[in-house]
Amino acid sequence: MVLQSLGEAYLKRSTDARVSLHGYLVGVGMTLLPTVLACSILTFNNYSNSFPWQQLLCGCLSAGLFAALCRWIVVPVSSYPNYWENGKRALFLGWAFSSGTLLAVYSRDYWTFGVYICYLSFFHWSEYWVTAVTNPATLRLSSYMLDHSPEYHLAALISWAEFWFEALLVPWLKSYSLPIATGLAMCTAGELFRKLAMITAGRNFNHVVEHKKRTDHVLVTSGVYSWARHPAYTGWFAWAIGTQLLLCNPVSIVGYTLASWRFFRERIYEEERLLINFFNQAYLDYQRTTWSGVPFVRGYFVRV
């Protein structure tokens, strides 16, 4: 039911969503299709030297697919010049995803970093795309969350530096299967849970804290919101820690856990203070029966 409504919304509403999707797919194709072409040519050179036309056919097919993808984004962007900034960001994220895929497939020692780049790319792109489909009124370029905060950028840079420093000096540290498998599970589950929360909330979800109640703002308590008051934060928290488990970054695992927990504790406290003001007793009742969504975070409670 949720997927059906999501598809209907996509078809009806948003040029932003189409441009973003097209740009992302072209970005993916920028690296992956030429690589498929190169690998196919090498394969035919090794096994089919007597059939050079097969190499030509493979090249034409890959080039044709990439040209089709390019046309798919050029047409909507050229028709709506104001959408270039959107398409540019989606293109970059798609290129990052394809580059991460290649690293994950072809690198024996650093494949986890490639998988991490894929998760990171998809997280940021899907933040924008899901917002464009479910709540276009609040859509901004900042919905990609690429400029979330200086602290977010610093944390990412520190985790990258830690990974490569340890991978080069103590490579055995990056080969433990248990944290890698746990990280993969947490990243996947966290991503799905957050996006399901965004879809369930629909127009009631916003990337920024709303200090004034809108006339169409309603309290959502169904679906994943019956399990947690802030399921989008639950998913993001799990995803953030999972990325560092995937990279086997012992320092960043601790740092990300503490920094993320502190951020969500403060954010939930601020949001719930406003939500109680918006919905009064309805939110107080919901608050008493439903977990906050982040471990050891109580939220804002009114003392009686």
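It should be emphasised that the depicted structure is a prediction, and the values quoted were computed from it without experimental measurement.

Definitions and cut-offs
- Residues numbered from 1 in each chain as written.
- Predicted model: local features only at pLDDT ≥ 70, side-chain atom pairs only at ≥ 80, totals over all residues.
- Heavy atoms only, no water.
- Helix = DSSP H or I, 4+ residues; strand = E, 2+ residues; numbered from the N terminus.
- Contact = heavy atoms within 4.5 Å.
- Areas by Shrake-Rupley, 256 points an atom, 1.4 Å probe, with all protein chains shown as cover.
- Buried < 20%, exposed > 50% of the residue type's maximum accessible area, 1.4 Å probe, protein only.
- Lys, Arg positive; Asp, Glu negative; His and termini not counted.
- Salt bridge = Lys/Arg side-chain N within 4 Å of Asp/Glu carboxyl O.
- UniProt positions renumbered as here; feature names shortened; annotations may be inferred.
- Core = buried A, V, L, I, M, F, W, Y, C linked by side-chain atoms within 4.5 Å.
- Domains from an automatic or database assignment.
- Expected span 1.5 Å × (residues − 1).
- Bend = angle between axes of the 7 residues up to and from the residue.
- Axes fitted to C-alpha atoms, helices over the stretch in contact; angles between N-to-C directions.
- Parallel < 35°, antiparallel > 145°, perpendicular 65-115°, else oblique.
- Left-handed = near helix turned anticlockwise from the far one by under 90°.
- Nonpolar A, V, L, I, M, F, W, Y, C, P; charged D, E, K, R; others polar.
- Polar contact = N/O pair within 3.5 Å; in protein donor to acceptor, adjacent residues only side chain to side chain.
- Patch = residues over 30% accessible without salt bridge, like charges linked within 9 Å, V, L, I, M, F, W, Y side chains within 5 Å.
- Phe/Tyr/Trp six-rings, centres within 6.5 Å; stacked < 30°, edge-to-face > 60°.
- Lys NZ or Arg CZ within 6 Å of the ring centre and 35° of its normal.

Take the overall build of the protein next. Along the backbone of the protein there are ten helices and zero strands. In sequence order, the secondary structure elements of the protein are arranged as α-α-α-α-α-α-α-α-α-α. When contacts within the protein are restricted to residue pairs at least 6 apart in sequence, those whose partners lie at least 24 apart make up 77%. Just so you have it, the protein exposes about 16300 Å², and 68% of that area is on carbon and sulfur atoms.

The next subject is the side chain of Glu162. Positionally, Glu162 belongs in helix 6 (residues 150–169). Lys174 provides the closest opposite charge to the buried, unpaired Glu162, separated from it by 5.2 Å. Aside from chain neighbours lying at most four places away, what touches Glu162 is Lys174, Asn249, Pro250, Val251 and Ser252.

The next point concerns the UniProt feature "transmembrane region" (unreviewed entry) in the protein. Those residues carrying the UniProt feature "transmembrane region" (unreviewed entry) are residues 21–44, 56–78, 90–107 and 236–259 in this numbering. Annotation note: span residues 90–107, helix share 94%, strand share 0%, distance between end C-alpha atoms 25 Å.

Counting residues in hydrophobic clusters, the biggest one holds 33 residues, and the most contacted among them are Tyr24, Trp125, Trp129, Tyr144, Phe205, Tyr225 and Tyr283. The greatest single-element share of this core, amounting to six residues, is contributed by helix 5 (residues 111–134). For this core, the domains that each give at least three residues are domain 1 (1–140) and domain 2 (148–303). If we ignore the near neighbours within four places in the chain, the residues touching Trp125 are Ser20, Leu21, Tyr24, Ala90, Leu93 and Tyr144. Of all hydrophobic cores here, the second largest spans 30 residues; its members include Val115, Tyr119, Ile180 and Ile268.

Below, the discussion takes up helix 5. In this model helix 5 runs 34 Å from its N-terminal to its C-terminal C-alpha over 24 residues, within 8% of the 34 Å that 1.5 Å per residue would give. Most pronounced at Ser126, the bend in helix 5 amounts to some 25°.

Moving on, we get to the packing of helix 5 against helix 8 (residues 231–246). Look at helix 5 against helix 8: their axes get within 9 Å of each other, and the N-to-C directions meet at 160°. Considering the angle they form, helix 5 stands roughly antiparallel to helix 8. Here helix 5 and helix 8 pass one another in a crossing that is left-handed. Residues Thr112, Val115, Tyr116, Tyr119, Leu120 and Phe123 of helix 5 lie in contact with helix 8, whose contacting residues are Trp236, Trp239, Thr243, Gln244 and Leu246. Residue composition of the contact of helix 5 with helix 8, by class: eight nonpolar, three polar and no charged.

The interhelical angle for the contact between helix 9 (residues 250–279) and helix 10 (residues 281–289), taken along N-to-C directions, is 130°, at an axis separation of 6 Å. As far as their axial angle goes, helix 10 and helix 9 are oblique. For the pair helix 9 and helix 10, contact is made by Glu272, Leu275, Ile276 and Phe279 and by Gln281, Ala282, Tyr283, Leu284 and Gln287, respectively. Split into classes, the residues belonging to the contact of helix 9 with helix 10 amount to six nonpolar, two polar and one charged.

A full pass over the atoms with the stated rule returns 13 salt bridges. The salt bridge partner of Glu210 is Arg214, with a shortest N-O separation of 2.7 Å. Using a relative accessible area of 19% as the deciding quantity, one classes Glu210 as buried. Connected through salt bridges with shared partners, the residues Glu127, Glu191, Arg194 and Lys195 form a single ionic network.

One non-glycine residue, Asn280, adopts positive backbone phi at about 55°. The topology assignment puts Asn280 in the loop between helix 9 and helix 10. Look at Asn280 and you get partly exposed, because its relative accessible area is 48%. One non-glycine residue, Phe296, lies in the positive phi region at around 65°.

Residue placement: Gly29 occurs in helix 2 (residues 15–47). Separated by 66 residues in the primary sequence, Gly29 and Trp95 have C-alpha atoms spaced 7.6 Å apart.

Quick look at the side chain of Thr134 now. In this structure, Thr134 sits in helix 5. For Thr134, the side chain forms a polar contact with the main-chain oxygen of Val130, separated by 2.7 Å.

The subject of this paragraph is a nonpolar patch on the surface. Side chains of Met30, Phe92 and Trp95 sit close together on the surface and give an oily, nonpolar patch of about 300 Å² of accessible area. By secondary structure assignment, the location of Phe92 is in helix 4 (residues 84–106).

On to the packing of aromatic side chains, then. Taken as a whole and assessed by the stated rule, the structure comprises 23 aromatic pairs. A network of ring pairs unites the aromatic residues Phe123, Tyr233, Trp236, Phe237, Trp239, Phe263 and Phe264 as a single cluster. One residue, Arg298, lies across the ring of Phe301, its end atom 4.1 Å from the ring centre.

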